Amino acid sequence: MSHESFLEHAPSVFRKAKSVWSDFIDFVASDNVLQVAVGLIIANGFTKVVQSLVSDILLPPIALLPFINRNFEEKFVVLRKGPHANQTLPHSAGYNTLDQAAADGAVVLAYGQFITNVANFLALGVFLYLIARVYAVFTHKTIISHTVRCAYCRKYVSEKAKRCFNCTSWLDGREERETSAL
């Protein structure tokens, strides 16, 4: 009985599956989804390049300064020693590496990793700004839009706008000029 029921409903199930698949293909193949996907892939690769630039090129020479002694990523302060700190390190002043402190269960403040992440963020921001400037030079279109505040609703609008898109007031001052009916 169940075999006959399956055979009766099979064509409608296949039609619905084909419809769902067709909708999925239309969604995935739409321009916006493809642009976002390509943008995310490029951004991921660009982020790795900037992280390598900061970690492998910029920070190692800074680590050679006499008061630093090691890479920025390994700089840390022990807030609370781990349970085996005195047993594993009897004659030592403390943990030598961040991994050693983490393995012992110590609570550490890894400020070196924070400095590295801030440097990565700043480098990424500078490179993206430079890319936007180069794009503007070659295409004569600007990615960076300058904004001003509307005098009435205080929202930011493009400096090229003639009217505020939020409150629809005129931005060129014509509402402030006195008009005469005569």
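Since we're looking at a predicted model, the values are computed, not measured.

What follows concerns the overall build of the protein chain. The helix and strand tally for the protein chain stands at five helices and four strands. In the protein chain, the succession of helices and strands from N to C terminus is α-α-β-α-α-β-α-β-β. When each of the 182 residues of the protein chain is scored for burial, the buried share is 16%. Counting only contacts in the protein chain whose residues sit at least 6 apart along the sequence, the fraction spanning at least 24 positions is 38%. As displayed, the protein chain has an accessible area near 14,600 Å², and 63% of this comes from carbon and sulfur atoms.

Okay, the nonpolar core next. The biggest cluster of nonpolar side chains holds six residues, and these are Phe76, Ala85, Tyr95, Leu98, Ala101 and Ala106. Beyond its immediate stretch of four places on either side in the chain, Ala101 contacts Phe76, Tyr95, Ala106 and Val108. If you look at the next biggest cluster of nonpolar residues, it comprises five residues, including Val50, Val54, Leu59 and Ala123.

Let's shift gears to the confidence of the model for the protein chain. Averaged over every residue, the pLDDT of the protein chain is 79; the share at 70 or more is 84%. Element-level pLDDT for the protein chain is lowest in helix 3 (residues 85-88), with a mean of 64, against a maximum mean of 90 in strand 2 (residues 107-109).

Turning to the environment of Gly112, a few remarks are in order. Tracing the backbone through its elements, the reader meets Gly112 in helix 5 (residues 111-139). Separated by 36 residues in the primary sequence, Gly112 and Phe76 place their C-alpha atoms 6.2 Å from one another. Ignoring anything within four residues of it in the chain, the contact list for Gly112 reads Phe72, Glu73 and Lys75.

Counted at 1.5 Å a residue, the expected span for helix 5 with its 29 residues is 42 Å, and the 42 Å between its end C-alpha atoms agrees. Among the residues of helix 5, those classed as buried are Gly112, Thr116, Asn120, Ala123, Ala132 and Ala136. A positive backbone phi angle near 60° is found at His140, which sits one or two residues after helix 5.

As a further point, take unusual backbone geometry. Although it is not a glycine, Arg154 sits at a positive phi angle of roughly 65°. Secondary-structure assignment places Arg154 in the loop between strand 3 (147-149) and strand 4 (156-158). Its identity as a non-glycine residue notwithstanding, Thr168 has a phi of 60°, on the positive side. Tracing the sequence through the fold places Thr168 in the segment after strand 4. Given the relative accessible area of 46%, Thr168 is considered partly exposed.

A separate point is a nonpolar patch on the surface. A cluster of nonpolar side chains, contributed by Val77, Leu79, Val107, Leu109, Tyr111, Phe114, Ile115, Val118, Phe121 and Leu122, occupies part of the molecular surface with about 910 Å² of accessible area. At the level of elements, strand 1 (77-80), strand 2 and helix 5 are the ones that each hand at least two residues to the nonpolar patch. Sorting elements by how many residues they give to the nonpolar patch places helix 5 first, with six residues. Here Ile115 lies in helix 5. A relative accessible area of 33% means that Ile115 is categorised as partly exposed.

Further remarks concern the state of the cysteines. Counted under the stated rule, the structure contains zero disulfides. The cysteine Cys153 is free of any disulfide, with Cys164 supplying the nearest cysteine sulfur at 3.5 Å. Taking relative accessible area as the criterion, Cys153 reaches 25% and is therefore assigned partly exposed. Given a relative accessible area of 2%, Cys164 falls into the buried group.

Cut-offs and rules
- Residues numbered from 1 in each chain as written.
- Predicted model: local features only at pLDDT ≥ 70, side-chain atom pairs only at ≥ 80, totals over all residues.
- Heavy atoms only, no water.
- Helix = DSSP H or I, 4+ residues; strand = E, 2+ residues; numbered from the N terminus.
- Buried < 20%, exposed > 50% of the residue type's maximum accessible area, 1.4 Å probe, protein only.
- Contact = heavy atoms within 4.5 Å.
- Areas by Shrake-Rupley, 256 points an atom, 1.4 Å probe, with all protein chains shown as cover.
- Core = buried A, V, L, I, M, F, W, Y, C linked by side-chain atoms within 4.5 Å.
- pLDDT = per-residue confidence, 0-100.
- Expected span 1.5 Å × (residues − 1).
- Patch = residues over 30% accessible without salt bridge, like charges linked within 9 Å, V, L, I, M, F, W, Y side chains within 5 Å.
- Salt bridge = Lys/Arg side-chain N within 4 Å of Asp/Glu carboxyl O.
- Disulfide = S-S within 2.5 Å.

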